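Notes for the structure review
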Amino acid sequence: MKQPFNIMHILPSGTRQYCMHGWVAHIDNTCVGHIHMLIEANQRIKFLDAWVHEEYRRRGIFRSLWDTRWQYVQSNYPEYTAYAWCKPMSLPLLLEKGFTTGESSIYVERKVPITSKQTRSFPSTDCPVTC
Ligand SMILES: CC(C)(COP(=O)(O)OP(=O)(O)OC[C@H]1O[C@@H](n2cnc3c(N)ncnc32)[C@H](O)[C@@H]1OP(=O)(O)O)[C@@H](O)C(=O)NCCC(=O)NCCS
């Protein structure tokens, strides 16, 4: 059974990124999904950090969050350019909403090596336990 959910708008507070807005979907005060946006220079808005809890996916939560944010953007930021870096799961909705594809990107990573001069600041696991 689909549970009803509510959406809370977290406005920029000055205690974290001052230009970040968040929208949180919650059921009984537990977060089940969120999206964010950053107001950037040159009348640009970055849409980011879309997430819905695995147990609540494919019930329209992302769509509702998206529509709520879009309504706010349309009311407050006419003429701005909204953009996002999408994953395959979020791309279809953005295309449906009239966004066009641009550059793609590739995720890369590496572990930062420990140099010979660095020592660990925490006890190693083979340290004898004496208490
Ligand atoms: C992407 C995500 C936020 C979608 O949340 P959701 O609440 O399940 O999405 P909705 O039910 O509102 O679906 C809205 C639309 O998104 C698209 N969509 C959602 N899940 C999808 C999937 N697994 N594959 C393809 N399209 C998908 C569809 O276009 C869908 O519309 P439809 O239901 O009419 O087909 C969720 O799967 C998630 O948190 N994924 C992991 C994090 C992630 O990838 N975030 C995106 C970062 S860019």
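Now for a quick tour of the structure.

Rules behind the numbers
- Residue numbers here run from 1 along each chain, matching the order of that chain's written sequence.
- Note on the predicted model: pLDDT of at least 70 is required for a residue's local features to be given, and 80 or more for side-chain atom pairs to be given and counted; whole-chain, interface and lining totals, by contrast, use all residues.
- Note on conventions: DSSP H or I runs of at least 4 residues are helices, E runs of at least 2 residues are strands, and numbering of each starts at the N terminus.
- Exposed residues have 12 or fewer other C-beta atoms within 10 Å of their own C-beta, buried residues have 20 or more, and residues in between are partly exposed; the C-beta atoms are placed from the backbone.
- Here the contact rule is simple: place C-beta atoms from the backbone, and any two residues whose C-beta atoms are within 7 Å are in contact.
- The C-beta atom of each residue is placed using the backbone, and any residue whose C-beta lies within 6 Å of a molecule or strand is treated as near it.
- Ten residues, namely Ala, Val, Leu, Ile, Met, Phe, Trp, Tyr, Cys and Pro, are considered nonpolar, four, namely Asp, Glu, Lys and Arg, are considered charged, and the remaining ones, Gly among them, are considered polar.
- Here, a nonpolar core denotes buried Ala, Val, Leu, Ile, Met, Phe, Trp, Tyr and Cys residues that are linked to one another through C-beta atoms within 7 Å.
- Each helix should span, by expectation, one fewer than its residue count multiplied by 1.5 Å.
- Arc definition: it is the arc formed by the directions from the helix axis to the C-beta atoms.
- At least two DSSP bridges between two strands are needed for those strands to be called paired.
- Note on handedness: a crossover is taken as right-handed if, strands pointing away from the viewer, the path from the first strand over the helix to the second is clockwise.
- As a rule, the C-alpha atoms of each element are fitted with a line to give its axis, helices using only the stretch in contact, and angles between N-to-C directions run from 0 to 180 degrees.

The next point concerns the overall build of the protein. Each helix and strand in the protein was counted, giving two helices and five strands. Counting from the amino terminus, the protein carries its helices and strands in the arrangement β-β-β-β-α-β-α. Across the 131 residues in the protein, those meeting the buried criterion constitute 13%. In the protein, 39% of the contacts between residues at least 6 apart in sequence involve partners at least 24 apart.

Close to the ligand lie 16 residues; Val 52, Arg 57, Phe 62, Arg 63 and Pro 92 are nearest. Mapped onto the shell around the ligand, the elements with two or more residues apiece are strand S4 (44–52), helix H1 (61–76) and helix H2 (91–96). For the shell around the ligand, a count of residues per class yields nine nonpolar, two polar and five charged.

Ranked by internal contacts, the top residues of the largest apolar core, which has 14 residues, are Ala 25, Val 32, Ile 35, Ile 61, Phe 62 and Leu 65. In this structure Leu 65 touches Ile 7, Trp 23, Ala 25, Gly 33 and Ile 35, once residues within four positions along its chain are discounted.

This brings us to H1. With 16 residues, H1 should reach 22 Å at 1.5 Å per residue; the first-to-last C-alpha distance of 23 Å fits that figure. Residues Ile 61, Phe 62, Leu 65, Trp 66 and Arg 69 constitute the buried set of H1. The buried side chains of H1 occupy one side of the element, clustering within an arc of 125 degrees when seen end-on. Residues of H1 that are exposed and point more than 90 degrees away from the buried face comprise Gln 71, Gln 74 and Ser 75. For H1, the secondary structure elements touched by its buried residues are strand S1 (6–10), strand S2 (20–27), strand S3 (30–40), S4 and H2.

Moving on to the pairing of strand S5 (residues 81–84). Relative to S5, S4 is paired through four bridges, and the arrangement is parallel. Opposite Arg 44, over in S5, you have Thr 81 as the bridge partner. Once you follow S4 into H1 and on to S5, the crossover reads as right-handed.

Let's shift gears to the sheet that holds S3. Spatially, five strands are ordered S1-S2-S3-S4-S5 in an open sheet, and the strand pairing comes out mixed. For this open sheet the edge positions go to S1 and S5, each flanked by a neighbour on one side alone. Ignoring which end each strand starts from, the neighbouring axes of this sheet average 20 degrees apart. Two strands pair when backbone bridges link them, and S3 and S4 are joined in this way by seven bridges, in the antiparallel orientation.

A few words now on unusual backbone geometry. Located in the positive-phi region is Asn 42, a residue other than glycine, with phi close to 60 degrees. Note on placement: Asn 42 falls in the loop between S3 and S4. Classification of Asn 42 as exposed rests on a count of 6 C-beta atoms within 10 Å.

Relative to the helices and strands, Leu 38 is located in strand S3. Since 16 C-beta atoms lie within 10 Å of it, Leu 38 is described here as partly exposed. With 20 residues separating them along the chain, Leu 38 and Tyr 18 place their C-alpha atoms 8.9 Å apart.

Everything listed is a geometric property; what it means functionally is a separate question.
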